[in-house]
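Take a look at the letters that make up each chain.
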Amino acid sequence: MATTTRTVTDLTSTTKDGVGASPRRPDGTLKVTGEFAYSSDMWMEDMLWGATLRSPHPHARIHGIDVTEALRLPGVYAVLTHEDVPGEKRYGLEYQDQPVLAFDKVRYKGEAVAIVAADHPETARRALERIEVDYEVLPPVSDSRRAALDPEYPLVHEKGELPEHPEYNQSGNRVRYQPIRTGAFAESPSSQEAHREALERLRAEADAVVTTEYEVGMQDQAFLGPESGMAIPAEDGGVDLYVATQWLHVDQRQIAPALGLPQEKVRLTLAGVGGAFGAREDLSMQIHACMLALRTGKPVKFVYNREESFYGHVHRHPAKMRYEHGAKADGTLLYATLEIIVDGGAYASATPAVVGVASSLGIGPYEVPNVLVDAYGVYTTNPPCGAMRGFGAVQACFGYESQMDRLAKELGMHPVDLRLKNAMAQGSRIITGQEIDMPLPMAEMLERCRDLPMPVERTELEDPSDQRTLPGGVAGTTRGEGVVRGVGYGLGLKNLCFSEGFDDYSTARVRLEVVAGEPVVLVHTAAAEVGQGLVTIKGQIARTELGVEKVVIAPSDTQVGSAGSSSASRQSYMTGGAVRTACASVRAEVFELARRKGFVPQGREDVELALEGGKVVSAVDGVLVSLAELLGESAENGTVVERTREYHHRPTEMIDPELGQGSSHTQFGMCVHRAVVDVDVELGLVKVVALDAVQDVGKVMHPQQLAGQIQGGSTQGLGLALMEEIQVKDSEIRNPSFTDYLIPTILDTPPMRIDVLEHPDPHSPYGLRGAGEPPTLSSTPAIVAAVRDATGRPLTHAPVRPEDIVGIDL
Amino acid sequence: MRVSFNVNGEDVTADNVWPGESLLYVLRERLGLPGSKNACEQGECGSCTVYFDGVTACSCMIAAGQAEGREVRTVEGLAEEPGKGGDRTLSTVQEAFVEAGAVQCGFCTPGLLVQTDDLIERTVGAGRAAPDDSEIREALAGNLCRCTGYEKIIDAVHLAAERRAAAGSTS
């Protein structure tokens, strides 16, 4: 990896495997031997299997549920419906609008209606078939545009069913409506007539105007480890839950009220997580497993299969977007308007926050003096949508980047030059008025990306007829005739950490003691390791801060305070910040102890001390004392230094519901991609030849894991560009399997060169920026731009389908 | 029904097996070998890949009864193969995956390890040239990974091939 612009001061720590090194993952050995216990690997001798009856209809009234025949089946221990929910009957991340088990109505196909515990998964499945549900089928409410704009459209949730949120302009099927007005459009914020007049004036001033409607399909996170876990009833009447999730405490906060239990009686431990990408931010089987365990007095295990997983978690919001951009002949952007409608499906989940991101970042990192944004998140009877890597910024990025390319073409400019002309930088204000008060080296990134070496031309290949180098691969669909190369660029701006006034924090407990003559650090947090490598980073920070090589990472559970969610690219920042803060506190205590015990020479109390190589050292006197001597053996009444600390990032605020102004974001991250593709323009097949990225991460914490984040994120963006879409027709998913929902294989994925910049953010620990999401934004528009370059087609839908490339209207 | 077969060199018997169970289910739920993974259970993802009489296969697509009398080798059995060099506890391929950063969430890893082990043994292990990128991509095309973008996996396979070749020439 070419790493440049190391402006951050190198840390003085000499401890091996500290911050900036690439030590091995502490869970790596267990993961390659098959011993790592994922949530679906939980097993107990007397456990039962849970199963879920799901609605076959997207929209129906429930007149009755009869479980008699299911209960009669031998091996069945319990069959529960909404009547058996002990506490609150609804839950949700932000709005409590989702029934634990459906009552009165089902609002999407696949909604949970009843649950069963039995002695074998097949017995449980057969019991589900014996449950009789009396449905009155209702027409689906599936058109997101009508849900946003047509007051006559049927309501998904009856009036009065939901809490009101005036700050979100909530009404009817609108979960949130967020306008943003700047420049000429801010003069009369809510007068449509005034907006029309302003728009006419701006159009007249512009030398080029491009107006396009875009769509982004519903993407699935497609983590490989299915929703699963085990609930074990406890003697105190509570329950212990082992589960794969992104945020233990937000699960606990939703589970306990549904069970009618105090929080402390619902104890969660993180089981091994097989990927997340946002899909585990909402609950799936958690409350159901706990209900069955408490009812039967036995451990209950749930494991969804792949089809059920498609119904069991939220997806990326599909979006309908209408953009208009106007520019002067030299490329200077004059105005932009955007109407974006994201389909939240049956329940709110993270929809309000997704609208907050999609609107505030809707125009991207470009200076535009006059902006009009109308962003809607709506209820429909489509599959519920919520968090997925990129979170509202992915959809908008496809739109604004496509617009930049169209505008560049219209003006006869190189797409990179148009972007450079309008690039934001540190000190710029995004359309919410928030100043970007950290480096935003967008121009440098664009230039570096443009100047990366190009892959060799097809004609220069050793064997241009090698089918493995061609679109269609060894299927042998072409020998190279009709294959055209294209190049495209994309860039994306992503908010990192939680936004809009959320009091986000993480907690870490750090303990230093001497075991068997050696100092050992124990780091305990509730943060979810979902594959990203946070367990490695926590250890690196502890080593760097405490100068101790041996670090043990305790399992994540609710016995320590919340770490917040493993989402929004926030854990290195937040839990990293918490570990660092707790370490600093431990370190101060150790120095105090060294002074108290007389290891600091008299008259030198003010000399700076450090912890290095397991010793307390002074800048003047060198090694003062080893930790082993200072603390003494832990098992022999030695001193144990333990500190628990919370870390909060700086406060943010809501953007206002009228003009959409406010400093709502904590941090900004950016990635730039260049894609090179070969397209079979006759068959509509694409081979991505190269997908190169330039990203600024502030500070590289672990070069190898960082590369994994950028390449993995780029590949998910490739999936959205070319293959991934949950097909929904009349509110029903048509492709709930890995046979029909395709994610990139190793054959679909090109070599990915990455170039990492390190302009530190002065507000964050070590200057780091969250790195996981930005590459997922920019790779999609870069690839689609490259396919446009090869084909000349407009390609307004992501993913691009073969029929779009060859121009067949199906 | 009762099913008896050999797993990782050991004869095993599972009782009360329902005929609809897969080999994967028997391994995971009845024999205490959860290393083979259940990502799709429809033969698309490769996370449950095992050696079945020496040939790699998705264990989710094999009915339990078909395993009667056969030899199965899972991820749990990779480290026990003698004479491959590397760490005492890890096989060359396992070692390379950890070292190269090819493991993130790790759910695809067991299947990829078995498939890579097969590729390495068919090539450098059989005295042939180390696989190039195209051969690696072909060999691993049936194993989905959602975390890595596959680049580090390709690095790991090259590393394993290099070390296996070195070990082979000295033995």
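Residues numbered from 1 in each chain as written. Chains lettered and ligands numbered in written order. Predicted model: local features only at pLDDT ≥ 70, side-chain atom pairs only at ≥ 80, totals over all residues. Heavy atoms only, no water.

If you check an unreviewed UniProt entry, chain B appears there as (2Fe-2S)-binding protein from Nocardiopsis alba.

Identification of chain A as Molybdopterin-dependent oxidoreductase from Nocardiopsis alba is taken from an unreviewed UniProt entry.

1. What about the packing of aromatic side chains?
Residues and elements named next belong to chain A. As a reminder of what qualifies: In summary, the pairing rule links any two rings of Phe, Tyr or Trp, Trp by its six-membered ring, whose centres are within 6.5 Å, and it sorts them by plane angle into stacked for under 30 degrees, edge-to-face for over 60 and tilted for everything else. The cut-offs for exposure are 20% and 50% of the maximum accessible area for each residue type, with area from a 1.4 Å probe on protein chains only; residues under the lower value are buried, those over the upper are exposed, and the others partly exposed. For a ring to carry a charge above it, either NZ of a lysine or CZ of an arginine must fall within 6 Å of the ring centroid while also lying within 35 degrees of the normal to the ring plane.
Summed over the entire model, instances satisfying the criterion amount to 15 aromatic pairs over all chains. Ring centres of F498 and F502 lie 5.2 Å apart, and the angle between their planes is 65°; on these two criteria the pair is classed as edge-to-face. Taking relative accessible area as the criterion, F498 reaches 15% and is therefore assigned buried. It is K31 that lies over the ring of F36; its NZ or CZ is 4.8 Å from the centre. We note R580 situated over the ring of Y766; from NZ or CZ to the ring centre the distance is 4.0 Å.

2. Comments concerning the pairing of strand β1 (residues 3–7) of chain B
Residues in a regular strand point their side chains to alternate faces of the sheet. Residue and element names in this part refer to chain B. So the rule is basically this: Secondary structure elements follow DSSP: runs of H or I no shorter than four residues count as helices, runs of E no shorter than two count as strands, and numbering proceeds from the N terminus. Any two strands are treated as partners once DSSP identifies two or more bridges connecting them.
Of all 5 residues in β1, 4 are buried, a share of seventy percent or more. Two elements, β1 and strand β2 (residues 10–14), share 5 bridges in a ladder whose sense is antiparallel. The partner of S4 across the bridge, within β2, is T13. Counting the residues in the hairpin turn of β1 and β2 gives 2 residues, including N8, whose phi is positive at 50°. Across 2 bridges, the pairing between β1 and strand β5 (residues 71–73) is parallel. Counted as the bridge partner of N6 is E71 from β5.

3. Quick word on the sheet that holds strand β26 (residues 615–618) of chain A
All names here are of chain A. Threshold: Under this scheme, a helix contributes an axis fitted over its contacting stretch, all axes are lines through C-alpha atoms, and angles between N-to-C directions fall in the 0 to 180 degree range. Note on definitions: a residue-residue contact is assigned when non-hydrogen atoms from the two residues lie within 4.5 Å.
With antiparallel pairing, 3 strands are arranged side by side in an open sheet as β25-β26-β27. Both outer strands of the open sheet, β25 (609–612) and β27 (622–626), are each paired with one neighbouring strand and no more. Strand after strand, the sheet turns through a mean of 35° between neighbouring axes, direction not considered. Pairing of β26 with β27 involves 4 bridges; the strand directions are antiparallel. Looking at β27, one finds that S618 is bridged to G622. Across the sheet, helix α14 (residues 571–596) is in contact with β25 and β26; its angle to β25 comes to roughly 110°.

4. Topic: the confidence of the model for chain A
Regions with low pLDDT carry predicted coordinates that are not meant to be interpreted in detail. All names here are of chain A. To keep things clear, this is the line we draw: On a scale of 0 to 100, pLDDT captures the predictor's confidence in every residue.
In the predicted model, chain A carries a mean pLDDT of 96, and 98% of its residues have values of at least 70. Per-element confidence in chain A is highest for helix α7 (residues 286–296), whose mean pLDDT is 99, and lowest for strand β1 (residues 2–4), whose mean pLDDT is 38. Confidence over residues 1–13 falls short of pLDDT 50; this stretch has 29 contacts with residues more than four positions distant or in other chains.

5. Details of helix α11 (residues 415–422) of chain A
Residues and elements named next belong to chain A. This is how the line gets drawn: It is the directions from the helix axis to the C-beta atoms that the arc portrays.
Regarding α11, the residues found buried are V416, L418, R419 and N422. Each buried residue of α11 sits inside an arc of 160° when the element is viewed along its axis, so together they form one side. Buried residues along α11 sit against β18 (333–343), α10 (393–411), α12 (442–450) and β21 (483–496).

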